[in-house]
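# Notes for the structure review
Given next are the chains, with one letter for each unit.
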Amino acid sequence: MPETTVNYPVTKPSNPHIENVKNILKRLKKNKAAMLGGFLILFFILVSIIGPHLVPFSAGEQNLVNKLEGPSAEHWFGTDHLGRDIFSRVIHGMSITLYIGFFSVFIAAVAGVVIGIVSGYFGGKIDTVLMRCMDVLLAFPGILLALGVVTILGPSLNNVILAVGVFSVPAFARIVRGSTLAVKELEYIDAVRALGASDFRIIFRHVLPNVFSPIIVQATLRIATAILTAAGLSFLGLGAQPPMPEWGAMLSDGRNYIFDAGHVAFFPGIAIVVVVLAFNIFGDGLRDALDPKMKS
Amino acid sequence: MFVFTVRRILQTIPVLIGVTILVFLMMHLVPGDPAQVIAGEAASEQTIQQIRERLGLNDPLPMQYFNFIINALQGDLGTSIRSGQEVTSEVASRFWVTLELSFYSMILSVFIGLIAGIISAVRHYTWVDAVMMIIALFGLSMPNFWLGLMLMQYFAIDLEIFPVSGWGSPEQLVLPVIALGTAGAAIIARMTRSSMLEVIGQDYIRTARAKGVKERIVIYKHALKNAMIPVVTVIGLEFGTLLTGAVLTETVFSINGLGRFIVESIQARDFPAVQGSVLVVAVVFILVNLLVDISYRFLNKRIDLN
């Protein structure tokens with residue numbers, strides 16, 4: 001009897017992580033609001049890079065003759081108490097705001113992920129101690145913790161970033177811990193361990209990719225909160241110091257001239273609203289796209 | 001239920017201890033000598049020594065902490081460096097203003113948030129829902145101090161309907177309460193909507209409808225009761241946000257509350273004042289959360305039994 005050979009087509013199995021990302025992108029594309037938010041964020045990043053080269057005035061250029069002028073063809077957003085062009089200053093301030101948002105959340109995410117994974121993966125006493133520490137941080141409501149950090153370190157832009165970062169750590173730590181606990185219980189983790197994988201390898205190869213989506217969602221929404229908190233601290237005079245064109249600090253100037261020139265406070269505030277809104281819309285959309293409950 | 005309550009109260013104790021340690025350490029974490037920082041660059045050695053003596057900075061750290069706790073329990077939070085007054089009396093006189101502002105803002109948030117959330121959920125995926133949720137997104141994305149400034153400019157300066165600043169008369173309440181309560185209203189509206197939508201999709205609601213229960217009763221009696229459970233937690237958390245959001249609102253409207261006091265104390269490097277007021281706010285927040293947790297459990301329990 002002759003041997004028959006059947007030639008099965010050999011294909012490389014697709015990488016589940018890449019498949020997952022593709023699925024997410026597909027769902028994200030369907031979500032119009034999220035796409036809008038994403039495009040706005042890209043646009044703002046672009047503005048922060050090339051905008052300062054295109055605007056007619058530098059951030060510090062004073063013209064005391066034209067101080068506190070309302071919006072005009074020459075000064076789209078009017079001028080402030082030193083005759084500086086508010087439109088130019090708002091554009092210059094974009095990079096500061098994005099820098100604060102991204103950098104403070106990056107600090108918080110890194111710290112939160114480390115704490116969350118260690119806590120969830122190893123459990124026991126380490127878990128108890130770390131989570132009680134997070135509880136203590138969470139016991140300071142709202143911007144109180146950030147205020148405390150600024151009290152200790154003194155007012156400056158970088159200290160605000162650190163303060164806002166510290167204030168966001170518990171949110172990440174808790175979410176990552178929860179996801180880690182869930183992943184740890186999965187059978188394949190036992191299988192990998194039986195094959196001799198080290199804790200380090202299990203964490204990096206198997207736990208971390210699985211906690212990735214909640215981190216991304218949390219980070220996007222946290223950037224919105226971080227920008228608002230940092231602007232608040234600068235508004236109180238505890239953050240970015242004048243003459244830096246930081247929007248919160250510009251609002252603080254605006255408050256002093258609210259009786260004669262409302263536009264000084266109006267435009268930096270609108271800028272904050274628009275940027276925060278973009279991150280909130282994008283974060284909402286991401287959450288919908290990544291939420292396993294919504295998966296069809 | 002009793003066991004849960006006791007356990008939950010006991011769990012609060014380590015957090016309270018942690019918070020007091022952190023607040024206590026605040027002064028000691030400042031780079032350099034706290035006495036030097038308080039006295040300023042140009043201070044003489046004698047002045048610094050006096051400050052050190054007065055704040056007990058010469059004692060060993062655990063001793064200082066112990067004294068801090070014993071004094072705080074007796075209602076003594078030290079003396080403000082700026083005013084020379086007792087921090088406790090400074091805090092007490094301002095605390096009620098902040099509490100009042102937060103309380104009214106909370107009522108506004110809950111009232112508007114619930115109504116908007118329910119309407120959105122009942123009419124979900126209509127234009128009404130879309131408009132409501134867009135407004136809520138804006139409310140969520142607006143800095144409360146900017147909203148305060150804009151309200152002040154329009155209603156107090158241009159239209160002269162409300163006073164520009166201050167606290168006490170009913171007219172003075174309106175603008176700060178709207179400024180502070182808007183973000184909370186947005187959060188509660190979104191939470192109520194999603195919670196309601198989740199509940200409305202459940203089997204028992206379909207059963208109620210199939211039985212011929214009127215839609216109004218299905219929504220307000222059957223659905224709302226269960227949908228409220230997660231909303232209660234959000235309301236509890238919102239209280240903390242309001243308490244500290246007051247820091248900004250009070251600054252905008254020149255209201256002499258605890259929030260403004262904290263900011264002024266930070267600017268003046270008045271550590272005892274900052275420590276005292278931060279401690280009070282944090283402890284109040286912890287207690288409110290404790291109450292919310294217990295009531296949440298209570299709500300849940302009742303529904304389990306039913």
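This text gives an overview of the structure that appears in the document. Once a new chain begins, its residue numbering starts again from 1 and follows that chain's sequence as written. Whichever chain is written first becomes A and whichever ligand is written first becomes 1, with later ones labelled in order. This being a predicted model, a pLDDT of at least 70 is required before a residue's local features are given, and a value of 80 or more before pairs of side-chain atoms are given or counted; all residues contribute to the totals for chains, interfaces and linings. Hydrogens and waters are ignored; side-chain quantities use all the structure's heavy atoms.

### Structural notes on the overall build of chain B
Counting its regular elements, chain B contains 12 helices and zero strands. Runs of H or I in DSSP of at least four residues are treated as helices and runs of E of at least two as strands, each being numbered from the N terminus. Each helix (α) and strand (β) of chain B, taken in turn from the N terminus, gives the series α-α-α-α-α-α-α-α-α-α-α-α. Taken along the three principal axes of its C-alpha coordinates, chain B extends 85 × 60 × 30 Å. Whether a residue is buried, partly exposed or exposed follows from its accessible area with a 1.4 Å probe, protein chains only, as a fraction of its type maximum: under 20%, in between, or over 50%, in that order. Residue burial in chain B is summarised as follows: out of 306 residues, 47% are buried. Contacts are assigned to residue pairs that have any heavy atoms within 4.5 Å of one another. The contacts in chain B between residues at least 6 apart in sequence include a share of 72% that link residues at least 24 apart. Method for areas: the Shrake-Rupley scheme with a 1.4 Å probe, in which residue coverage is limited to the protein chains shown. Only carbon and sulfur atoms are counted for the fraction: they give 64% of the accessible area of chain B, which is about 14,900 Å². The charged-residue count follows a simple rule in which Lys and Arg add positive charge and Asp and Glu add negative charge, with His and chain termini not counted at all. Charge coordinates come from a single atom per side chain, which is NZ of Lys, CZ of Arg, CG of Asp or CD of Glu. Where the 21 positive side-chain charges of chain B centre and where its 22 negative ones centre are 18 Å apart.

### Describing the pattern of salt bridges
Salt bridge criterion: a side-chain nitrogen from Lys or Arg within 4 Å of a carboxyl oxygen from Asp or Glu. The full count for this structure, using the stated rule, is 12 salt bridges over all chains. Notably, a salt bridge pairs Asp135 of chain A with Arg174 of chain A, separated by 2.7 Å at the nearest N-O pair. In this pair, Asp135 of chain A sits in helix α4 (residues 124-138) while Arg174 of chain A sits in helix α6 (residues 157-184), placing the two residues 39 residues apart along the sequence. In this structure, Asp129 of chain B and Arg193 of chain B form a salt bridge, with 2.8 Å as the shortest nitrogen-oxygen distance. Taken together, the positions of Asp129 of chain B in helix α6 (residues 127-141) and Arg193 of chain B in helix α8 (residues 170-200) put the pair 64 residues apart, joining distant regions of the chain. Each of the two residues, Asp129 of chain B as well as Arg193 of chain B, counts as buried. Each of Arg132, Asp135 and Arg174 of chain A takes part in salt bridges that share partners, so that together they form one network.

### Structural notes on the side chain of Ser80 of chain B
Residue placement: Ser80 of chain B occurs in the loop between α4 (61-73) and α5 (87-122). Whenever two N or O atoms come within 3.5 Å, that pair is a polar contact, provided that in protein one can donate a hydrogen and the other can accept it, and provided that, for residues adjacent in sequence, both atoms are side-chain atoms. A polar contact of 2.6 Å, which involves the side chain of Ser80 of chain B, links it to the side chain of Asp270 of chain B.

### Some details on the packing of α8 of chain B against helix α10 (residues 215-252) of chain B
All names here are of chain B. Working convention: axes come from line fits to C-alpha atoms, limited for helices to the stretch in contact. Angles between N-to-C directions cover 0 to 180 degrees. Two numbers describe how α8 lies on α10: the axes approach to 8 Å, and their chain directions differ by 155°. When the axis of α8 is compared with that of α10, the two are roughly antiparallel. The handedness of the crossing between α8 and α10 comes out as right-handed. For this scheme, ten residues count as nonpolar: Ala, Val, Leu, Ile, Met, Phe, Trp, Tyr, Cys and Pro. Four count as charged, namely Asp, Glu, Lys and Arg, and the remainder, Gly too, count as polar. Here the residues of the contact of α8 with α10 are counted per class, giving 19 nonpolar, six polar and one charged. Roughly parallel covers angles under 35 degrees, roughly antiparallel covers those over 145, roughly perpendicular covers 65 to 115, and oblique covers all other angles. Whether a crossing is left-handed or right-handed is set by the direction in which the near helix is turned from the far one by less than a right angle, anticlockwise for left-handed and clockwise for right-handed.

### What to know about the interface of chain A and chain B
Facing the 40 residues of chain A at the interface are 45 residues of chain B. A combined buried area of about 3,700 Å² lies between chain A and chain B, and 80% of that area is made up of carbon and sulfur atoms. One salt bridge in this structure joins Arg190 of chain B and Asp284 of chain A, with 2.9 Å as the shortest N-O distance. If you look at where chain A meets chain B, you find nine residue pairs in polar contact (both at pLDDT 80 or more). Looking at the side of chain A that touches chain B, the elements that each hand over two or more residues are α4, α5 (144-153), α8 (199-235), α9 (247-256) and α10 (263-290) of chain A. Residue contributions to the side of chain A that touches chain B peak at 12 residues, all from α10 of chain A. The quantity reported as buried area is the accessible area (1.4 Å probe) lost by two parts once they are put together, taken as the sum for both.

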